[in-house]
Amino acid sequence: MYNSQSGLMHIIKSKVLELGDTVAQVTISIRPIAEIHQTQEGDEYWVKWFYWQVYGEHCAILYESDLLVAHGELSETLIQSDLKTTFDTLKTSVNNEIYFDD
């Protein structure tokens, strides 16, 4: 489950610092529908898939994470707040623009 003390913002911030002054925007895309994921051991969890991107000027993608999974609920409101706090000089957004072929 996501919380503001999770490592996600730290990981994104490290990548932004690595990319330097060319960064203009950070976006996190979260699949709007949670689904049940079953482990090899047979345990079941509600999960949400997501990924994040770092953009430069003119909307050029500088970095795109792998597809990631979070156990439990991802609060878009909390994530957006954390993005704005962590990256106060950059444009930030959270969206649902992530789809799978079902």
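Everything quoted here is computed from the prediction, not taken from an experiment. All chains use their own residue numbering, which begins from 1 and follows the written sequence. pLDDT decides what is reported in this predicted model: residues at 70 or higher carry local features, side-chain atom pairs at 80 or more are listed and counted, and totals for whole chains, interfaces and linings draw on all residues regardless. Values reported for side chains reflect all heavy atoms of the structure, with hydrogen atoms and water molecules removed beforehand.

Caption draft 1: Highlighting the nonpolar core. In this structure, Ile12, Val16, Ile28, Ile79, Leu83 and Phe87 are the most contacted members of the largest nonpolar core, which totals 18 residues. Strands are runs of DSSP state E lasting at least 2 residues, helices are runs of H or I lasting at least 4, and numbering of each runs from the N terminus. At the level of secondary structure, the elements contributing two or more residues to this core comprise helix 1 (8-19), strand 1 (23-30), strand 3 (44-56) and helix 2 (76-86). When checking whether two residues touch, look at their non-hydrogen atoms; a contact exists if any pair is within 4.5 Å. Apart from the residues lying within four places of it in its own chain, the contact partners of Ile12 are Val26, Ile28, Trp52 and Phe87. By nonpolar core is meant a set of buried Ala, Val, Leu, Ile, Met, Phe, Trp, Tyr and Cys residues that side-chain atoms within 4.5 Å join together. For every residue, the accessible area obtained with a 1.4 Å probe (protein chains only) is divided by the maximum for its type, and the residue is called buried under 20%, exposed over 50%, and partly exposed between those limits.

Caption draft 2: Structural view of unusual backbone geometry. Within the chain, His58 stands out as a residue other than glycine whose phi angle is a positive 60 degrees. What makes His58 exposed here is its relative accessible area of 76%. Although it is not a glycine, Cys59 adopts a positive phi angle of roughly 65 degrees. Within the element layout of this structure, Cys59 appears in the loop between strand 3 and strand 4 (61-64).

Caption draft 3: Structural detail: the pattern of salt bridges. What counts as a salt bridge is simple: a side-chain nitrogen of Lys or Arg found within 4 Å of a carboxyl oxygen of Asp or Glu. Per the counting criterion, the structure on display carries 2 salt bridges. Among the ionic pairs, Lys15 bridges to Glu18, the shortest N-O distance being 3.0 Å. Of this pair, Lys15 and Glu18 both sit in helix 1, 3 residues apart, which is roughly one turn of the helix. For Arg31, the salt bridge is made with Glu35, and the minimal N-O distance between the two is 2.7 Å. What makes Arg31 buried here is its relative accessible area of 9%. Among the residues examined, Glu35 registers a relative accessible area of 27% and is labelled partly exposed.

Caption draft 4: Fine view of the side chain of Gln25. If you trace the backbone, Gln25 turns up in strand 1. Any pair of N or O atoms that falls within 3.5 Å is considered a polar contact. Within protein, one atom must be able to donate a hydrogen and the other to accept it, and sequence-neighbouring residues count only if both atoms are side-chain atoms. Looking at Gln25, its side chain comes within polar contact range of the side chain of Thr27, at 2.9 Å. In this view, Gln25 contacts Gln53, Val54, Tyr55, Lys91 and Ser93; residues no more than four positions away in its chain are not counted.

Caption draft 5: Looking closely at helix 1. What a helix should span is 1.5 Å times the count of its residues minus one. Spanning 12 residues, helix 1 covers 17 Å between terminal C-alpha atoms, matching the ideal 16 Å at 1.5 Å per step. Residues of helix 1 that are buried include every one of Leu8, Met9, Ile12, Lys15 and Val16, and no others. Seen from one end, helix 1 has its buried residues packed into an arc of 130 degrees, which puts them on one side. For helix 1, exposure combined with an orientation more than 90 degrees from the buried face picks out His10, Leu17 and Glu18. Summarising the contacts, the buried residues of helix 1 are in contact with strand 1, strand 3, strand 4 and helix 2. One or two steps after helix 1, the chain reaches Gly20, where phi turns positive at roughly 80 degrees. Regarding the arc, it is the one traced by the directions from the helix axis to the C-beta atoms.

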